[in-house]
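In case you want the letters, here they are:
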Amino acid sequence: MNSETVSNLVTTGVGSENAPVEVDEPSSKRLRPATSDVWNFFKKLGPDKDGVERAECKGCKKVFKAGGKRYDTFTIKRYLDSCTQIKHEDIGQTIAELQLKMGSLKIDSGVARDMFAGYVVAGDKPFNMVDDRRFRNWVKYISPTLKLPSRNTVKADIVKVYKREAAKLKKNLVSIPNRICLTSDLWTSSTNEGFICLTAHFVDENWKLQSKILNFCHMPPPHTGFELSSKIFTLLTEWKVDKKIFSITLDNASSNDTCVEHLKSTLDVHGSLLCGGEFFHVRCSAHILNLIVQDGMKICGDAVSKIREGIKFLRKSESRMVKFKECFEDIEGLEYTTALCLDVPTRWNSLYAMLASAIPYKKAFEMYKVKEAGFREYCPSSDEWRRTEKICDFLLLFYETTKLMSGTSYPTSNLYFLQVWQIQLILMNSLKNDEVLIRNMGEKMMIKFNKYWEEYSVVLAFGTVLDPRFKLNTLVHCYNEIDPISAKDKVELVKSKLYKLFEVYDQNSSTTVESSSQLSSHFSQATSSAIGTQLIKVVGDLMSRNQEAEVKSGKNQLDIYLSEATLFCNDAIIDVLQWWKDNHHRFPTLSLMARDLLSIPITTVASESAFSMGSHVLNKYRSRLLSDNVEAVICTRNWIRGYDDFEEDKDQEDIAKGEGYSSGVGSNDVIDLYEDEDEN
């Protein structure tokens, strides 16, 4: 007798009034528990109106037909590979941890191979590590049932991960409403092969700045501007983003000027650029800054040569460094806290790092000179120390500006204008300095500054205007400090071009002014935890009425934004994108323009970081990798780990080697940090 029969008997009392009620014992048949690993990433929703079971992805909240007798888990298991909200490398780890808790580890060979491919990519491991007999014996001891893949299988697995991650990235790039900014540069490997790196910079759906390497591919000669532009356009077409490009940042190589002109005309023919490509080309600020400072460094060579030779003398043997550190015991309050580092001739910022590491120890230098007669010719005099301190103070702003411009995880275009303005003020003041050496350095550097930065980049000045702390008032003040006569004309130029660009966005936008209830709703979500519901409604209504009144008076979103008071904030760096995210409902079109302008990279540091990765993957000890495999490894590592993790690893290695600061911004030279095994 089934449960329905039992229910009828109990409720209706079939038969006579005194008829006994039949009640079955609970069925011994139990529902089969969900044992598939896929349920770690999906939530069962139960049957829908049509009676079919539904499951929701815990990452992207997408709903699928799954479970029950009619639908199995094949569809949702396959979807895990394409879900952009669940990190694939975490899946295997989660499954392993869950199975360990259950007491029985069932190794899925597919998941294991994916995890191992991720380990090889993220750790810069050679493919042939699986051929090492001791490694295979260790794995066999840990898990006798696990079958290790061959070198070629590892390579194939990495390519598989690369293609899967590339598909996710392509889908993301196509779906975002804003445009994409590019950086590109060329690199010659230790095997004399040419590579081109193309990097995309954009604001994602969560309003976070992303920098993703699109390609790191072989670039055969000739490396002319025409060939470079053709290659970049081909790559953009393959990614299906050729109609979504806003700008490209390049260094000052002569071939890049030709490249930009040809690429701009090609994209403009297809109607891909805004304002006919007027704001398309951005020159690398770090490269220009490097050229400016290098000219000044040519003059101060004699002033710092003794410090350089003295550090070389000390670092030549361990016994000398031991004796040098003993000098600190005789000097009260002095400790050896920062390692002495040498400069690299092609990197001016390493010269600053060398001077900054030596100046605190000048008393120890004097003490060591007494103990070691051979050091006397390398110990600077008091006058040389004084000049060195002045040089170090003079270079401090340039060094900090270089570090600030080198950011890849936060917007930098809003910082460009103020940094260039500060540099110009420093150079103008250096021309009046009492120290002849500083005056001479300033004169040389000012000549180079006027060559590249006499006219500030207009498109990057937009970034300052779109920083709610600054707006146009800051430009007026800065231009007045430099030249009050031309200040008004320069501000009007920036303002007119900003309005010109906004008109293009406004014409392409289908957004309209939001209603009072919508604005009230947005405001309520942002502030409900801080104030009462009734007050929220009142303030939201007032905001919407004010905005509607301004729109009726003929003001557009840019007019309203510029007329409002600037944001009061004491922080030097704020999350500008977060402010625009919080206010995008008030300025729907202007916020879209802000996403594009604030994602413009002012340096090519992202590409140069990729070259540092390239020197790990392809060097004289590991030189037989095919260019396609090099691209798969570098791009996949960037998509999984990003730049920040790599830079952290690189800095730790440089510090361990005693090189101090590792940033090589503004230089195309790449230093091999370590060598790997030979590899096919």
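To start, this report covers the structure provided alongside it. (Residues numbered from 1 in each chain as written. Predicted model: local features only at pLDDT ≥ 70, side-chain atom pairs only at ≥ 80, totals over all residues. Heavy atoms only, no water.)

### Some remarks on the overall build of the protein chain
When its secondary structure is counted, the protein chain shows 26 helices and 8 strands. At a minimum sequence separation of 6, the contacts of the protein chain that also span at least 24 residues come to 70%. Summing over all exposed atoms, the protein chain offers an accessible surface of approximately 34500 Å²; the carbon and sulfur share of this is 51%. (Helix = DSSP H or I, 4+ residues; strand = E, 2+ residues; numbered from the N terminus. Contact = heavy atoms within 4.5 Å. Areas by Shrake-Rupley, 256 points an atom, 1.4 Å probe, with all protein chains shown as cover.)

### Things to note about unusual backbone geometry
The omega torsion across P221 and P222 is 5°, close enough to zero to call that bond cis. By secondary structure assignment, the location of P222 is in the loop between β6 (209-218) and α7 (225-239). Although it is not a glycine, K61 adopts a positive phi angle of roughly 65°. Along the polypeptide, K61 turns up in the loop between β2 (53-57) and β3 (63-65). In this model, C275 sits at a positive phi of 55°, which is unusual for a non-glycine residue.

### Some thoughts on the packing of α7 against helix α8 (residues 254-269)
At their nearest, the axes of α7 and α8 sit 7 Å apart, and the two run at 45° to each other. Viewed along their axes, α7 and α8 adopt a mutual orientation that is oblique. The handedness of the crossing between α7 and α8 is right-handed. Taken together, the residues of α8 that come into contact with α7 (itself represented by G225, F226, L228, S229, S230, I232 and F233) are S255, N256, T258, C259, H262, L263, T266 and L267. (Axes fitted to C-alpha atoms, helices over the stretch in contact; angles between N-to-C directions. Parallel < 35°, antiparallel > 145°, perpendicular 65-115°, else oblique. Left-handed = near helix turned anticlockwise from the far one by under 90°.)

### Thoughts on the packing of aromatic side chains
Per the stated rule, a full pass over the model turns up 31 aromatic pairs. Aromatic side chains W187 and F195 sit 5.8 Å apart centroid to centroid with 40° between the ring planes, which places their arrangement in the tilted category. A relative accessible area of 8% places W187 in the buried class. Where F365 meets W385, the ring centres are 5.4 Å apart and the plane angle is 80°; that geometry is what we call edge-to-face. Placement of the pair is F365 in helix α13 (residues 362-371) and W385 in helix α14 (residues 382-405), with a sequence separation of 20 residues. Of the two residues, F365 and W385, both sit in the buried class. (Phe/Tyr/Trp six-rings, centres within 6.5 Å; stacked < 30°, edge-to-face > 60°. Buried < 20%, exposed > 50% of the residue type's maximum accessible area, 1.4 Å probe, protein only.)

### Brief notes about the pattern of salt bridges
One pass over the structure, following the stated rule, counts 25 salt bridges. A salt bridge links K362 to E389, with the nearest nitrogen and oxygen atoms 2.8 Å apart. Taken together, the residues K362 in helix α13 and E389 in helix α14 connect sequence positions 27 residues apart. Of the residues examined, E389 reaches a relative accessible area of 25% and is grouped as partly exposed. For D467, the salt bridge goes to R469, with nearest N and O atoms at 2.7 Å. Members of the salt-bridge network, linked through shared partners, are D114, R164, E165 and K168. (Salt bridge = Lys/Arg side-chain N within 4 Å of Asp/Glu carboxyl O.)

### Observations concerning the nonpolar core
The biggest cluster of nonpolar side chains holds 104 residues, and the ones touching the most others in it are F324, F365, F398, W453, L501 and W580. Here F324 is in contact with L314, Y336, L340, Y361, A364, F365 and Y368, once residues within four sequence places are set aside. Residues V161, W187, F216 and L235 belong to the second largest nonpolar core, which totals 58 residues. (Core = buried A, V, L, I, M, F, W, Y, C linked by side-chain atoms within 4.5 Å.)

### Focus on the sheet that holds strand β5 (residues 194-203)
The strand order across the open sheet formed by 5 strands is β6-β5-β4-β7-β8, and the pairing between neighbours is mixed. The open sheet has two edge strands with one neighbour each: β6 and β8 (281-283). Taking the axes of each pair of neighbouring strands and ignoring which way they run, one obtains an average angle of 25° across the sheet. Summarising the sheet, strand β4 (residues 180-188) and strand β7 (residues 245-250) pair through 4 bridges and their orientation is parallel. Paired with I180 across the strands is I245, a residue of β7. (Pairing = 2+ DSSP bridges.)

### Re a nonpolar patch on the surface
Residues W138, Y141 and I142 make up a contiguous nonpolar surface patch of about 440 Å² in total accessible area. Residue position: Y141 is located in helix α5 (residues 133-142). Using a relative accessible area of 69% as the deciding quantity, one classes Y141 as exposed. (Patch = residues over 30% accessible without salt bridge, like charges linked within 9 Å, V, L, I, M, F, W, Y side chains within 5 Å.)

### Let's talk about the pairing of β2
Of all the 5 residues making up β2, 4 are buried; the element is thus mostly covered by neighbouring parts of the structure. Alignment of strand β1 (residues 42-47) against β2, held across 5 bridges, turns out to be antiparallel. In the sheet register, G46 faces β2, and the bridge partner there is R54. Linking β1 to β2, which pair antiparallel, is a turn of 5 residues; within it G51 sits at a positive phi near 85°. Relative to β3, β2 runs antiparallel, the two being bridged by 3 bridges. Bridged to A55 within β3 is F64.

### What to know about α7
Here α7 spans 21 Å end to end across 15 residues, near enough to the 21 Å set by a 1.5 Å rise per residue. Following α7 by one or two positions, K240 has its phi on the positive side, about 65°. (Expected span 1.5 Å × (residues − 1).)

### Digging into the sheet that holds β1
Ordered by their spatial adjacency, 3 strands build an open sheet running β1-β2-β3, and the pairing between neighbours is antiparallel. The strands lining the two open edges of the sheet, one partner per strand, are β1 and β3. Across the sheet, the mean angle from the axis of one strand to that of its neighbour is 30°, orientation sign disregarded.

### Brief notes about the packing of helix α15 (residues 413-430) against helix α16 (residues 436-453)
Running from N to C, α15 and α16 point in directions that differ by 140°, and their axes come no closer than 8 Å. Taken together, the axis directions place α15 and α16 in an arrangement best described as oblique. By crossing handedness, the relation of α15 to α16 is classed as left-handed. Between α15, through Y416, V420, I423, Q424, L427, M428 and S430, and α16, the contact on the second element is made entirely by I438, R439, G442, M445, M446, F449 and W453. Residues of the contact of α15 with α16, tallied by class, amount to 10 nonpolar, 3 polar and 1 charged. (Nonpolar A, V, L, I, M, F, W, Y, C, P; charged D, E, K, R; others polar.)

### Some points on α8
In this model α8 runs 24 Å from its N-terminal to its C-terminal C-alpha over 16 residues, within 8% of the 22 Å that 1.5 Å per residue would give. Buried within α8 are the following residues: N256, C259, V260, L263, T266 and L267. Considered in projection along α8, the buried side chains sweep an arc of 140° and stay on one side of the axis. Away from its buried face by more than 90 degrees, α8 exposes S254 and V269. Positive backbone phi, approximately 70°, marks G271, located one or two places after α8. (Arc of directions from axis to C-beta.)

### Points about the environment of A610
Within the element layout of this structure, A610 appears in helix α25 (residues 605-617). You can call A610 buried: its relative accessible area is 0%. For the pair A610 and I634, spaced 24 residues apart in the sequence, the C-alpha separation amounts to 7.5 Å.

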